[in-house]
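# Summary of the model geometry
Spelled out, the chains give:
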Amino acid sequence: MVRRIFWMTVGAGAAVWAMNKANEATRRLTPDSLSGAAARGALHLGDTAKRFALDVRAGMAEREEQLRADLGLDGTAVVEPPRPAARRAIKAAPGRAPVAALPPSRTITPHVIASTPRQLEQRRDKHP
């Protein structure tokens with residue numbers, strides 16, 4: 001007899017629990033509840049995106065400040081006028097005779113470079 005009452009109580013409790021869960025599920029799945037959940041999710045996503053954009057802007061401003069300081073664009077750098085480059089002769093490779101080096105006056109300019117084999121032959125004929 002006691003066992004029957006125990007199992008009846010357990011059964012009734014399980015039925016009440018199951019009914020409450022079913023009612024919660026039906027409330028959660030109503031159109032108003034679903035639209036409210038979607039709106040809350042969209043607001044949360046918007047807030048997250050806004051915080052991310054603010055973090056990116058702050059990082060960009062910090063990095064720009066670092067670059068300006070490194071490059072001296074913030075007014076702290078002392079700029080010296082450029083010095084003319086000294087002309088130096090090309091020296092021969094170690095172990096080679098100095099004759100192997102090109103003379104310092106001989107330079108290759110764009111008008112000397114030939115773009116076709118025929119132009120190369122013509123230039124060779126003009127310049128021995």
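Residues numbered from 1 in each chain as written. Predicted model: local features only at pLDDT ≥ 70, side-chain atom pairs only at ≥ 80, totals over all residues. Heavy atoms only, no water.

Check the secondary structure of the chain and you find three helices and zero strands. A burial count over the chain gives 2% of its 128 residues as buried. (Helix = DSSP H or I, 4+ residues; strand = E, 2+ residues; numbered from the N terminus. Buried < 20%, exposed > 50% of the residue type's maximum accessible area, 1.4 Å probe, protein only.)

Right, let's talk about a nonpolar patch on the surface for a bit. Side chains of Met1, Val2 and Ile5 sit close together on the surface and give an oily, nonpolar patch of about 380 Å² of accessible area. Locating Val2 in the fold gives a position in helix α1 (residues 2–28). (Patch = residues over 30% accessible without salt bridge, like charges linked within 9 Å, V, L, I, M, F, W, Y side chains within 5 Å. Areas by Shrake-Rupley, 256 points an atom, 1.4 Å probe, with all protein chains shown as cover. Salt bridge = Lys/Arg side-chain N within 4 Å of Asp/Glu carboxyl O.)

Another aspect to go through is the pattern of salt bridges. The final tally for this structure, using the stated rule, is one salt bridge. Across the salt bridge formed by Glu64 and Arg68, the nearest N and O atoms sit 3.4 Å from each other. On the criterion of helical spacing, the pair formed by Glu64 and Arg68 is a turn pair, its members being four residues apart in helix α2 (residues 31–71). The exposure class of Glu64 is partly exposed, given its relative accessible area of 42%. In this structure Arg68 comes out as partly exposed when scored by relative accessible area, which is 39%.

With that out of the way, let us pick up α2. With 41 residues, α2 extends 59 Å from end C-alpha to end C-alpha; this agrees with the ideal 60 Å at 1.5 Å per step. Looking one or two residues beyond α2, the residue adopting positive phi is Gly72, at roughly 80°. (Expected span 1.5 Å × (residues − 1).)

Right, let's get into the confidence of the model for the chain. Across the chain, the average pLDDT comes to 77, with 65% of residues at 70 or higher. Within the chain, α2 carries the highest mean pLDDT (92), whereas helix α3 (residues 117–126) carries the lowest (70). (pLDDT = per-residue confidence, 0-100.)

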